[in-house]
Every structure is written in C-alpha cells, then in structure tokens.
Amino acid sequence: MSQKEYDQKPRWYVVHTYSGYENKVKTDLEKTIKNRELYDYFFDIVVPMEEQIEIKDGQSKSNLKKVFPGYVLIKMIVTEQTWYIVRNTRGVTGFVGSGTDPIPLTDSEIRKMGFEVQSVNVDYEVGDEIRFLTGALQDRVGKVQSIDKEKRKGKVLLNMFGRETPTEFDFADVEKVK
C-alpha cells in the first residue's frame, strides 16, 4: 500500500471474501476491533441480506439470502493499521479497487444499495390515513401502522376482501388524506 495520508472521514469499502465466509469475516473483524479497541476507526460491517419468501405446498417460508455473495461492506477510516487488519482477516481476499489502494463507494452507489439514506420527513404519522398514488393500489386508502425513515417505507392497514391486510408502501407512492 502506498505511503500517503488517508481520508480521516469514515467511508464505505467493499471487501471480497471466499464464498461462504462473509459472516465469518464479519464476526472475526468485530472480535479484532473489540480486542484492539479500534472503535474510532470501524463504524459498521455489513453482509447485505434480503428476505425472500418461498411458497411451497401452500406454506410460506421466509429465508434470508445474501445480496452480494462473496462480499462484505465495511464503513471505516483507512489507515495502514486498519487496512492491514482487514486484509489479513482469514477469508478476505482483498479490497475491491484498483491495485493495492482500497477505493470507497461513491455516494450514489451507497444510495442505490440503501445505505445511509438521508432522513426523510413525511407529513403523516402512525394512525393517519394515506392514499396510494400509483400502482395496483392506486386510490386505496389505509391507516399507517409503521414508518421506517431509513428505508423510506412504511406499513399500512388496507381493507381488502373484507379483512384488514398489512401492506408495505414506499414514501413516494402515497400521500396523506386531508
């Protein structure tokens, strides 16, 4: 790694791992950070997962699946020491980037992956009624059950087929009923 001044601002980096070692790498790094008290340099370690629902024989089953198999995302400040620790963690094959210098993710890449989304203020809250503006549920009205500002989503109870049905919505797809 070249001798240079590193950005002292925490940034997201992508680390390539052996297939199936993602969670082991995350656990090992967390132990090393704790043992060496490097909390000022490491801020988050993520193995991106998404929930997939599989329906078999009429039974719905929920599974977590890795979004980027073979990769771990780390929010950290890169120094010679932190670079060395990550690079020499068992299961890590290297940072994603050109040559030996790790390259942080850009702000737009981070947004596309759903990380560090700017806080959003909406004009409705839990208990308020909202109306869907687009899609199959357009013009349907329901009562807000929960709001997740980080994911820019919420849950609403809609009356469908004579039953109250919880439905997820994106902030951009709804408006408050005045």
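Conventions and cut-offs
- Residues numbered from 1 in each chain as written.
- Predicted model: local features only at pLDDT ≥ 70, side-chain atom pairs only at ≥ 80, totals over all residues.
- Heavy atoms only, no water.
- Core = buried A, V, L, I, M, F, W, Y, C linked by side-chain atoms within 4.5 Å.
- Buried < 20%, exposed > 50% of the residue type's maximum accessible area, 1.4 Å probe, protein only.
- Helix = DSSP H or I, 4+ residues; strand = E, 2+ residues; numbered from the N terminus.
- Contact = heavy atoms within 4.5 Å.
- Pairing = 2+ DSSP bridges.
- Axes fitted to C-alpha atoms, helices over the stretch in contact; angles between N-to-C directions.
- Phe/Tyr/Trp six-rings, centres within 6.5 Å; stacked < 30°, edge-to-face > 60°.
- Salt bridge = Lys/Arg side-chain N within 4 Å of Asp/Glu carboxyl O.
- Arc of directions from axis to C-beta.
- pLDDT = per-residue confidence, 0-100.

A. Up close: the nonpolar core. Ranked by size, the top nonpolar core spans 18 residues in total, and within it Leu29, Phe42, Ile74, Met76, Val86 and Phe95 carry the most contacts. Contributing elements (two or more residues each) for this core: β1 (11-17), α1 (22-36), β2 (42-46), β5 (71-76), α2 (80-87) and β6 (92-95). When sequence neighbours within four positions are dropped, the list of residues in contact with Phe95 reads Tyr13, Val14, Val15, Met76, Trp83, Val86 and Pro102. Among the nonpolar cores identified, the runner-up in size contains 11 residues, and Val144, Leu158, Met160 and Phe171 belong to it.

B. Quick peek at the sheet that holds β1. In spatial order, the strands read β2-β5-β1-β6; together these 4 strands make up an open sheet with antiparallel pairing. With one partner strand each, in any of the chains shown, β2 and β6 form the two edges of the open sheet. Looking at each pair of strands side by side, their axes are set apart by 25 degrees on average, direction ignored. In this structure, β1 lies alongside β6, joined through 3 bridges in antiparallel fashion. Note on β6: the bridge partner recorded for His16 is Gly94. Sheet strands in contact with α2 are β1, β2, β5 and β6, and its direction is about 145 degrees off that of β6.

C. Representation of the packing of aromatic side chains in the model. In this structure the tally under the stated criterion is 6 aromatic pairs. Consider the rings of Phe132 and Phe169, whose centres lie 6.4 Å apart with planes at 90 degrees: the pair is edge-to-face. With Phe132 in strand β7 (residues 129-132) and Phe169 in strand β10 (residues 163-170), this pair connects stretches of sequence that are 37 residues apart. A single burial state applies to Phe132 and to Phe169, both of which are buried. Through successive ring pairs, a cluster of aromatic residues spans Tyr124, Phe132, Phe169 and Phe171.

D. Main features of the pattern of salt bridges. Summed over the entire model, instances satisfying the criterion amount to 8 salt bridges. Between Glu168 and Lys153 there is a salt bridge whose closest N-O contact spans 3.9 Å. Taken together, the residues span a long stretch of sequence, with Glu168 in strand β10 and Lys153 in strand β9 (residues 153-160) at a distance of 15 residues. Given the relative accessible area of 27%, Lys153 is considered partly exposed. Residues participating in the shared-partner salt-bridge network are Lys153, Glu168 and Asp170.

E. Quick peek at α2. When we look at burial in α2, the residues that qualify are Thr82, Trp83, Ile85 and Val86. End-on view of α2: buried residues confined to an arc of 165 degrees, all on one side of the axis. Here the buried face of α2 lies against β1, α1, β2, β5 and β6.

F. Structural view of the confidence of the model for the chain. When pLDDT is averaged across the chain, the result is 85; 90% of the residues are at 70 or more. Across the chain, α1 holds the top mean pLDDT of 95, while strand β3 (residues 49-56) sits lowest at 77.

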